[in-house]
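Residue-level listing of the chains:
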Amino acid sequence: MKASQKFIAFWFCGLLAFSTYQADETDEEIIDCEGEAATTQYCIDKEEAFELRARIEALYPSLKELTSPPWDEEDYLDAEGNFNKGVDLYQDEYFGDALPKFEAALEAFTQLDELFQTTAEDKRAAIPDFLEAAAYDTAVTELDTLIEWFPEDLDLVRLHAEATQGKELKPLVEDLQNYVSNGNFQEVEELLPQFPDGYYEVEISQAKASLEAHRQETSFNSSMTAAYKSIETENWFIAEQILESVLLDRPSSTVAQDLLRDVKENKRLDQVDDLIQDMTSSLNEEQWEDVLVHIEEVEKLDINEQHDFSVLEDQLGELLALELELAKYESIAYNEMDDSTRQDIQELLDKTSHLNEFDRTQPKREALAERFEQLSTPIEVTIRSNNKTKLSIRPGKELGSFRSKTLQVLPGIYEIVGTRRGFKQVIEQLEVKPGSKPLDIKVECRARF
């Protein structure tokens, strides 16, 4: 009986040991989630929890280290709290309980990461607009944050340096604007070269425009002052040049327009007066051609027709025409004289007696009158013949036959022609010079055919 009990006890102990061994082996498989245990809810929860935790840990460290984050602190703390609770449950192998904590944490961290990425992109995209608008303070602030987030981004570092320089230039811009407002354009001109290209372009452009306007205004005022000084001294020509130059730069200036109109009128009147004085002087000096030129110039300027020189023009035209006629006969030779020419000269002398009043024409008329008297004074010519030859003088008349005949012949060149029946004709040249002594010539036909 005792032997049987011992056997039974040993068998029970062996069975119990074997059962314990089998149970330990099954528990190990469940913990390691290998084999058939992998399909248990415990292992499924464990695997999901592991994956969620891994995804969170891929986001969480970078978000945790982020300075100046764009989210509300409470949102981050809630996400971090869920994650820490999930980790605690995970470590205690309460995987099923850890899952909702991890899920909530992952969703929150994902939203925070998306918010961070979106915020970073928006900030980066806004930088060029800030720089263009010269909002350098804002640009520096935004870039400070972006460089905290992305310290190795060299483009952000470059933009930060550019924005910082713009921020440092702001006091100069304010000084520049104050100088413009106060009209201190000397300081404006000295300050402008200190600004690098690309900074405060609107403000710099406005300052340059104000400076240019000031220069134009200064130039305008200076030119107008010079114009008034020229007007005071009645230097109309200089005043006109100055005002025309002013109107090239400021064509809408009614002051300059009105002043130029007055200057031109005064200049015109002075020119007319000067021309009349010159005309009077030329008239006194008997420079009749110059007088006519001055009259023509006066008529061009005399837009109001205040002067009428038509009578004087006619008189001078007549004098010049008579003077030309006198000159026409000034060098006439005695052998060019005929009755028609003598008549023309006599008529000219008759109608130009008034030319003796002028120093310019008196010598010419007197010279012609003296010359005409010489050419019109007959010279005594005695023609001798044989009383058988029939004589004639050309130009002139038939003289007949005679032994001697005395004629009064005007200066000129003549032919004395002698004819006799049965004898050859004889022609003798007779030159009668003005003022010569009495002449004697013999003409007779002696040679027979």
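Values in this document were obtained by computation on a predicted structure and should not be read as measured data. (Residues numbered from 1 in each chain as written. Predicted model: local features only at pLDDT ≥ 70, side-chain atom pairs only at ≥ 80, totals over all residues. Heavy atoms only, no water.)

Visitor: What's the story with the sheet that holds strand β3 (residues 398-400) in this structure? I'm lost.
Guide: What the 4 strands build is an open sheet, ordered β3-β2-β5-β6; its pairing is antiparallel. The sheet terminates laterally at β3 and β6 (426-432), the two strands that pair on one side only. Neighbouring strand axes in the sheet, compared pairwise and without regard to direction, differ in orientation by 20° on average. Inspection of the sheet shows strand β2 (residues 390-394) paired to β3 by 2 bridges, in the antiparallel sense. Pairing of L391 across the sheet is with G400, part of β3. (Pairing = 2+ DSSP bridges. Helix = DSSP H or I, 4+ residues; strand = E, 2+ residues; numbered from the N terminus. Axes fitted to C-alpha atoms, helices over the stretch in contact; angles between N-to-C directions.)

Visitor: Sorry if this is basic, but what is going on with the state of the cysteines here?
Guide: By definition, a disulfide links two cysteine residues through a covalent bond between their sulfur atoms. The full count for this structure, using the stated rule, is 1 disulfide. Here C33 connects covalently by a disulfide to C43, the sulfurs 1.7 Å from one another. The disulfide joining C33 to C43 has a torsion of about -95° about its S-S bond and is therefore left-handed. Placement of C33 in the loop between α1 (2-32) and α2 (41-65) and of C43 in helix α2 is noted, with a sequence separation of 10 residues between them. (Disulfide = S-S within 2.5 Å.)

Visitor: Looking at this structure, how should I read the nonpolar core?
Guide: In a soluble, globular protein the nonpolar side chains are often hidden away together inside. Counting 49 residues, the largest nonpolar core has I56, F83, F102, F109, L176 and Y200 as its most contacted members. Secondary structure elements with two or more residues in this core: α2, α3 (73-91), α4 (95-132), α5 (136-149), α6 (154-182), α7 (185-191) and α8 (201-232). No other element matches α4, which puts 13 residues into this core. Ignoring sequence-local partners within four residues, the contact set of Y200 consists of A134, Y136, G166, K167, L169, K170 and V173. Listed in part, the 26 residues of the second largest apolar core include F309, L312, L320 and L322. (Core = buried A, V, L, I, M, F, W, Y, C linked by side-chain atoms within 4.5 Å. Buried < 20%, exposed > 50% of the residue type's maximum accessible area, 1.4 Å probe, protein only. Contact = heavy atoms within 4.5 Å.)

Visitor: What is the right way to look at the packing of aromatic side chains in this model?
Guide: Where two aromatic rings form a pair, the distance of their centres and the angle of their planes describe that pair. Here the structure, examined in full by the defined rule, presents 14 aromatic pairs. Residues Y60 and F109 carry aromatic rings whose centres are separated by 5.3 Å and whose planes lie at 50° to one another, so their mutual orientation is tilted. One end of the pair, Y60, is in helix α2; the other, F109, is in helix α4, and 49 residues separate them in sequence. Side by side, Y60 and F109 carry an identical accessibility label, which is buried. Ring geometry for F83 and F102: centres 6.0 Å apart, planes at 40°, overall tilted. Highlighted residues: F83 in helix α3 and F102 in helix α4, separated in sequence by 19 residues. One exposure class covers both F83 and F102, and it is buried. Taken together, the ring pairs in this structure connect Y42, Y60, W71, Y76, F83, Y90, F95, F102 and F109 into an aromatic cluster. When the ring centre of F423 is taken as reference, the NZ or CZ atom of R420 above it lies at 3.9 Å. (Phe/Tyr/Trp six-rings, centres within 6.5 Å; stacked < 30°, edge-to-face > 60°. Lys NZ or Arg CZ within 6 Å of the ring centre and 35° of its normal.)

Visitor: Sorry if this is basic, but what is going on with α2 here?
Guide: In an α-helix, one full turn covers 3.6 residues, which means residues spaced three or four apart are oriented alike. Along its 25 residues, α2 runs 36 Å from first to last C-alpha, staying within 8% of the 36 Å computed at 1.5 Å per residue. The largest bend in α2 comes to about 30°, at L59, with the proline P61 one to four residues further on. For α2, the full list of buried residues reads C43, D45, A49, L52, R53, I56, L59, Y60 and L63. (Expected span 1.5 Å × (residues − 1). Bend = angle between axes of the 7 residues up to and from the residue.)

Visitor: Where do I start with the environment of S181 in this structure?
Guide: Turning to its location among the elements, S181 is positioned in helix α6. The exposure class of S181 is exposed, given its relative accessible area of 63%. A C-alpha to C-alpha distance of 9.7 Å links S181 and A207, two positions 26 residues apart in sequence.

Visitor: When you look at the confidence of the model for the protein chain in this model, what are you seeing that I'm missing?
Guide: Keep in mind that low pLDDT regions are not for reading the predicted coordinates in detail. The predicted model of the protein chain has a mean per-residue pLDDT of 89, with 93% of residues at 70 or higher. Here residues 1-30 is modelled with pLDDT under 50, and outside its nearest four sequence neighbours on either side it reaches 5 contacts, counting other chains as well. (pLDDT = per-residue confidence, 0-100.)

Visitor: Can you walk me through the sheet that holds strand β4 (residues 404-409) in this structure?
Guide: Backbone-to-backbone hydrogen bonds join strands into a sheet, with any given pair of strands oriented parallel or antiparallel. The 3 strands lie next to each other as β4-β1-β7, forming an open sheet whose pairing is mixed. Among the strands making up the open sheet, the edge pair consists of β4 and β7 (439-442). Within this sheet the neighbouring strands show an average axis-to-axis angle of 25°, counted without direction.

Visitor: Help me understand the environment of T377, please; the structure alone is not making it clear to me.
Guide: Structurally, the position occupied by T377 is in the loop between α14 (362-375) and β1 (379-384). Within polar-contact distance, the side chain of T377 engages the backbone oxygen of E373 at 2.6 Å. (Polar contact = N/O pair within 3.5 Å; in protein donor to acceptor, adjacent residues only side chain to side chain.)

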